[in-house]
Amino acid sequence: MKHVTEFRDPVAARAVLSRIAETTEAIGATREKPLHIMEICGGHTHAIFRYGLDKLVHDGIEFIHGPGCPVCVLPMARVDECVEIAERPEVIMTTFGDAMRVPGTRKSLMQAKAAGADIRMVYSPLDALELARRNPGREVVFFGLGFETTTPSTALAIQQAAREGLANFSVFCNHITVPEPIRALLDDPHMVLDGFIGPGHVSMVIGTHAYDFIARDCGKPIVVAGFEPLDLLQALLMVLEQIRDGRAAVENQYARVVPEHGNPASLAAIADVYERRPSFEWRGLGEIDASGLRIRPAYAAFDAEEKFGIGYAAGPRSVPEPEGCACGQVMTGRIKPTACPQFGTGCTPEMPLGALMVSSEGACAAYWQYGGARAAEPA
Amino acid sequence: MCLGIPGQIVAITDAARMMALADISGVRREVNVACVIEDDIAALIGAWVLIHVGFAMARIDEDEAAKTLRALHDLGEAQDELDAMAEGRRALEAQP
Amino acid sequence: MTAAARPGGLRDTRVTLSHGGGGRAMRDLIETVFAAAFDPPGMEDQARLTDAALAEPGARLALTTDSFVVTPLEFPGGDIGTLAVCGTVNDLAVGGALPRWLSAAFIIEEGTEIALLRRIVASMAAEADRAGIRIVTGDTKVVGRGAADGLFVTTTGVGVIPPGRNLEAALIRPGDVAIVNGVLGDHGATILAARGDLALSSDIRSDCQALGHLMEAAVAAAPDIRAARDATRGGLASALNEMAQAAGMGIEIDEAALPLRPEVVGMCEILGLDPLYLANEGTLVLFVPETQADAALAALRARPEGCGAVAIGRAVADHPGQVRMRTAFGGARIVDMLVGEQLPRIC
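What counts, and at which threshold
- Residues numbered from 1 in each chain as written.
- Chains lettered and ligands numbered in written order.
- Predicted model: local features only at pLDDT ≥ 70, side-chain atom pairs only at ≥ 80, totals over all residues.
- Heavy atoms only, no water.
- Helix = DSSP H or I, 4+ residues; strand = E, 2+ residues; numbered from the N terminus.
- Rg over C-alpha atoms; globule rule 2.2 N^0.38 Å.
- Buried < 20%, exposed > 50% of the residue type's maximum accessible area, 1.4 Å probe, protein only.
- Contact = heavy atoms within 4.5 Å.
- Areas by Shrake-Rupley, 256 points an atom, 1.4 Å probe, with all protein chains shown as cover.
- Lys, Arg positive; Asp, Glu negative; His and termini not counted.
- Charge placed at Lys NZ, Arg CZ, Asp CG, Glu CD.
- Buried area = accessible area lost by both parts, 1.4 Å probe.
- Salt bridge = Lys/Arg side-chain N within 4 Å of Asp/Glu carboxyl O.
- Polar contact = N/O pair within 3.5 Å; in protein donor to acceptor, adjacent residues only side chain to side chain.
- Expected span 1.5 Å × (residues − 1).
- Pairing = 2+ DSSP bridges.
- Axes fitted to C-alpha atoms, helices over the stretch in contact; angles between N-to-C directions.
- Core = buried A, V, L, I, M, F, W, Y, C linked by side-chain atoms within 4.5 Å.
- Phe/Tyr/Trp six-rings, centres within 6.5 Å; stacked < 30°, edge-to-face > 60°.
- Lys NZ or Arg CZ within 6 Å of the ring centre and 35° of its normal.
- Parallel < 35°, antiparallel > 145°, perpendicular 65-115°, else oblique.
- Left-handed = near helix turned anticlockwise from the far one by under 90°.
- Nonpolar A, V, L, I, M, F, W, Y, C, P; charged D, E, K, R; others polar.

### Topic: the overall build of chain A
Next, step 1: Looking only at helices and strands, one finds 15 helices and 13 strands in chain A.
Next, step 2: Taking 2.2 N^0.38 as the reference for a compact globule, 379 residues should give roughly 21 Å; the C-alpha atoms of chain A span a radius of gyration of 21 Å, in line with that estimate.
Next, step 3: C-alpha atoms of chain A, sized along the principal axes, occupy 65 × 45 × 40 Å.
Next, step 4: For chain A, the proportion of its 379 residues judged to be buried stands at 62%.
Next, step 5: Counting only contacts in chain A whose residues sit at least 6 apart along the sequence, the fraction spanning at least 24 positions is 77%.
Next, step 6: Accessible surface, chain A: about 13,000 Å² in total, of which carbon and sulfur atoms supply 52%.
Next, step 7: Charged side chains of chain A number 35 positive and 46 negative; the gap between the two group centres comes to 3 Å.

### So, the interface of chain B and chain A
Often, the extent of an interface is quoted as the loss of accessible area on bringing the components together.
Next, step 1: Each partner contributes residues to the interface: chain B has 40 residues there, and chain A has 51 residues.
Next, step 2: Regarding the contact of chain B and chain A, the summed buried area is about 3,600 Å², with carbon and sulfur atoms giving 66% of it.
Next, step 3: Along the contact surface separating chain B from chain A lie three salt bridges.
Next, step 4: Among the salt bridges present, the one from Glu164 of chain A reaches Arg17 of chain B, with a minimum N-O distance of 3.6 Å.
Next, step 5: Along the contact surface separating chain B from chain A lie nine residue pairs in polar contact (both at pLDDT 80 or more).
Next, step 6: For the side of chain B that touches chain A, the secondary-structure elements that each account for two or more residues are strand 1 (5-14), strand 2 (19-24), strand 3 (27-32), strand 4 (48-52), strand 5 (55-59) and helix 1 (62-94) of chain B.

### Some thoughts on helix 3 (residues 80-93) of chain C
Residues and elements named next belong to chain C.
Next, step 1: Helix length check: helix 3 (14 residues) gives 20 Å between terminal C-alpha atoms against 20 Å at 1.5 Å per residue, within 8%.
Next, step 2: Of all 14 residues that make up helix 3, 13 are buried, and the element is covered over most of its length.
Next, step 3: Looking at where helix 3 begins, the residue whose side-chain oxygen comes 2.7 Å from the main-chain nitrogen of Gly81 is Asp79.

### Topic: the pairing of strand 12 (residues 310-316) of chain C
Residue and element names in this part refer to chain C.
Next, step 1: Note that strand 7 (residues 177-180) and strand 12 share four bridges and pair antiparallel. The partner of Val177 across the bridge, within strand 12, is Arg314.
Next, step 2: As paired strands, strand 10 (residues 250-254) and strand 12 are joined by four bridges and run antiparallel to one another. Its bridge partner being in strand 12, Glu252 is matched across the sheet by Arg314.

### A few points about the sheet that holds strand 9 (residues 250-252) of chain A
All names here are of chain A.
Next, step 1: Strands sit in the order 2-1-7-8-9 across an open sheet of five strands; the sheet is parallel. Since the sheet does not close on itself, it has two edges, and those belong to strand 2 (61-68) and strand 9, each with one partner. Each strand of the sheet is rotated relative to its neighbour by a mean of 25°, with strand direction disregarded.
Next, step 2: Alignment of strand 7 (residues 195-199) against strand 8 (residues 222-225), held across four bridges, turns out to be parallel. Residue pairing for strand 8: Ile197 is matched across the bridge by Val223.
Next, step 3: Across the sheet, helix 11 (residues 229-244) touches strand 1 (35-41), strand 2, strand 7, strand 8 and strand 9, and the angle it forms with strand 8 is around 170°.

### Observations regarding the environment of Leu230 of chain A
Next, step 1: On the secondary structure map, Leu230 of chain A appears in helix 11.
Next, step 2: With 109 residues separating them in the primary sequence, Leu230 of chain A and Ala339 of chain A have C-alpha atoms 30 Å apart.
Next, step 3: Once residues within four sequence positions are removed from consideration, Leu230 of chain A is found in contact with Glu6, Phe7, Arg8, Asp9, Ala12, Ala13 and Val16 of chain A, Leu72 of chain B together with Phe329 of chain C.

### A short note on the nonpolar core
Soluble globular proteins: nonpolar side chains tend toward being buried together.
Next, step 1: Grouped together as the largest cluster of nonpolar side chains are 115 residues, with contacts concentrated most on Phe169 and Tyr274 of chain A.
Next, step 2: Counting residues per element, this core draws most heavily on helix 15 (residues 363-369) of chain A, at six residues.
Next, step 3: Beyond its immediate chain neighbours, meaning those up to four positions away, Phe169 of chain A contacts Ala128, Leu129, Ala132, Glu139, Val140, Phe142, Ala157, Ile158, Ala161, Ala301, Phe302 and Lys307 of chain A.
Next, step 4: Core analysis: the next-biggest nonpolar cluster, separate from the first, contains 42 residues, Phe34, Ala37, Ile114 and Ile161 of chain C among them.

### Some points on the environment of His58 of chain A
All names here are of chain A.
Next, step 1: Mapped onto the elements, His58 comes out in the loop between helix 3 (53-56) and strand 2.
Next, step 2: Between the alpha carbons of His58 and Thr23 there is a distance of 9.6 Å; along the sequence they are 35 residues apart.
Next, step 3: Setting aside its immediate chain neighbours within four residues, His58 contacts Ala21, Thr24, Glu25 and Ala29.
Next, step 4: Within the structure, the side chain of His58 is placed 2.8 Å from the backbone nitrogen of Gly60, a separation counted as a polar contact.

### Description of the packing of aromatic side chains
Here a ring pair, both rings aromatic, is described through the centre-centre distance and the interplanar angle of the planes.
Next, step 1: Applying the stated criterion across every chain, the model contains eight aromatic pairs over all chains.
Next, step 2: A ring pair is formed by Tyr51 of chain A and Phe329 of chain C, whose centres lie 6.1 Å apart and whose planes are at 70°; its orientation type is edge-to-face. One end of the pair, Tyr51 of chain A, is in the loop between helix 2 (42-50) and helix 3; the other, Phe329 of chain C, is in the loop between strand 13 (323-326) and strand 14 (332-334), on a second chain. The exposure classification of Tyr51 of chain A matches that of Phe329 of chain C, with both residues buried.
Next, step 3: Aromatic pair Phe343 of chain A and Trp368 of chain A: ring centres 5.8 Å apart, planes at 70°, arrangement edge-to-face. Remark: Trp368 of chain A occurs in helix 15 and Phe343 of chain A occurs in the loop between helix 14 (327-331) and helix 15; sequence separation between them is 25 residues.
Next, step 4: Using a relative accessible area of 17% as the deciding quantity, one classes Trp368 of chain A as buried.
Next, step 5: Looking at Arg183 of chain A, its charged tip hangs above the ring of Phe213 of chain A, at a distance of 4.1 Å from the centre.
Next, step 6: Sitting above the plane of the Phe7 of chain A ring, Arg256 of chain A keeps its charged end 3.6 Å from the centroid.

### Re the pattern of salt bridges
Any two side chains of opposite charge can pair if their charged atoms end up close together.
Next, step 1: Applying the stated criterion across every chain yields a total of 44 salt bridges over all chains.
Next, step 2: Its salt-bridge partner being Glu139 of chain A, residue Lys307 of chain A comes within 2.8 Å of it at the nearest N-O pair. With Lys307 of chain A in helix 13 (residues 304-308) and Glu139 of chain A in strand 5 (residues 139-146), the pair connects residues that are 168 residues apart, well separated along the chain.
Next, step 3: A relative accessible area of 18% places Glu139 of chain A in the buried class.
Next, step 4: Among the charged side chains, a network of salt bridges with common partners joins Glu130, Arg133, Arg134 and Glu164 of chain A together with Arg17 of chain B.

### Quick word on the packing of helix 6 (residues 125-134) of chain A against helix 7 (residues 151-164) of chain A
All names here are of chain A.
Next, step 1: Their axes nearest at 9 Å, the elements helix 6 and helix 7 cross at an angle of 25°. Regarding the angle of helix 6 to helix 7, the classification is roughly parallel. In this structure, helix 6 meets helix 7 at a crossing whose hand is right-handed. When helix 6 is examined against helix 7, the residues Pro125, Leu129 and Arg133 are found in contact with a partner set consisting of Ser153, Thr154, Ala157, Gln160, Ala161 and Glu164.
Next, step 2: Of the residues that constitute the contact of helix 6 with helix 7, the class distribution is four nonpolar, three polar and two charged.

### Comments concerning unusual backbone geometry
Next, step 1: Between Thr71 of chain C and Pro72 of chain C the backbone carries a cis peptide bond, its omega angle lying at -5°.
Next, step 2: Along the chain, the position of Pro72 of chain C falls in the loop between strand 1 (60-68) and strand 2 (74-75).
Next, step 3: Positive phi outside glycine occurs at His3 of chain A, with the angle close to 65°.
Next, step 4: Structurally, the position occupied by His3 of chain A is in the segment before helix 1 (10-27).
Next, step 5: At Ser25 of chain B, a residue that is not glycine, the phi angle is positive and equals roughly 55°.
Next, step 6: Position of Ser25 of chain B among the secondary structure elements: in the loop between strand 2 and strand 3.

Here you go:
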């Protein structure tokens, strides 16, 4: 596959790995006193485990798995609200597969489907639009999830629905943004992070300047990275070189996809359809100011919260996290998944308690699936 | 977050709705190209784009891709030289 | 046996509840649609079986039963009928049995097109012919609209295990070589695309094929084959995990050696799926002593069902019950059993 295979070349990896090892040693980091590098994006977490990168890099590097998995940070109250909408007889709820197993207080979408709700997995908001065209007698709702990468797709779908006058289409909007939680993490005095690997696909939409505050105000290096293993290793090396040289800058390893100023058409669609909520709740992190988006009044006809009188439209309500769930501490890098008392006992992929065990991008599920928990030694 | 995969635009299917057919390793899917049109939609044919949830979200910059690969390649060459030097040193030290 | 439809009283184009009522309409349906696939035609309610292989001292009977549900009923490379015959044959073959007889029960949803049934039955007959198994008895039931998804098929297969042949995972030893007969994941990817709701198209076809003759060729060339499994639902990963657990052995596979079509890789990249967990319907995994691995590979490659055969890994004494993979990138990871079903994801 062009633009993929060449970034998975194990021979090229050897050189990057040994350069990473040299640089780590030059910095003086060791297994006992490691550098803490946060990959913000859940896609990076997944790639690290899929390719076994955590075991390939020098043991003076410790990856901290950041909050960049939209499914993992979705609060229970929003899952409950989605289920509530889905259970209405006139509704066809459409969702990405990722959200199907996320537990709500009553049930997950998967369980709601089994109980009779009409819930369908789609690959794209475009597929939800098509369902709305084909089912004029039904209300087709799209469960809008995701960071800035995904936000333009639902914005464009809403614009298209408006152009076509597709009155039976709406979006239950849970879109969130990356920079705000990072700022919240950096403001936390307990946080010890030495550098960041920045989210590649979010950045192709918003550009790289959105992270200027990380380098300028907080003095931490950040390198925006692609998703193939060589991309990640090269970005890690670039972070380490900044640390070694005492620099803190925003750098771009993924220039083949990420333009400095982002994608103007995507940004225009987001600005046209969405506005910031005063605050939005993140599972494990609590309410974060200006971190969520809602549909502008001009497009209220396509806002499922307005249409069904649910969610933030009906006044915010929070649901406490399940007893003993340490997702919040894992997500902020305070503890490793294996240090959670529920890991592997009260919380497994079969019966997830917290969201980090649900999504394949969740740190806990990745630890479980790829054996970070059970196999210390590589095969 | 945000699974994205490179694909090549092979046909325009609906210019008014800005829809095109993308080929991803032999799998074809209709995608929206609103975010990557520069002037003429037909000019997209043959272009490599990054696809996420049925939308082409960025054009892949072939020059930048080549640059990144060259940087990786150079690292490899530098490493080979270092390895060769280390090998030479060991050989010298091993001599009686 | 002839698959050609005989003129009968069946004039409907769709199955109605009266075709399940036990009267003339049911008899017409069975005679014009199903009897063609059955051998001998005009079957009794029970089949009476004789076979020379059974008479050999030490020969054993093998019995398997399976249900088949698939949406859509017809897909590139096969249909529910080929799936039912191949699945049954393969269950028998991987246990070392010569597939001999098959029974099939059909649960038909009211409204199903009779032309569709005819096509499915014809492909069952053709597949059974190729695989050398006889469909000797069957049953039909019709259920109301919504009570089934078009058509469900349940089969029972009977085979004969020749004297002295014993294939089971418990016989696997450290160092034994794991071999697959060809590319992985084609069936799962085909069904995903054929369902249409993801709007993906490709030229991938299901690998649906009967493996009885291939197994015989492999056993002839490598008589000490330890065990075999067909890697159906849950894909190669599940088959290997089952074998590792049954054998009390570890299994190590090499990602770079796994045979995958670019289109299947592409589909997996788009949907965030792992091809190791995609279903196959004509893929087997064999464990063979190292000294016979080359002979087994050559025998597999000599037949069309095995032309893509490769060694993918081996059994090890370490980490019993666990499957590990050396990634193509040089790392290592555990390949676990799948939790639930693999869902397409965007993150």
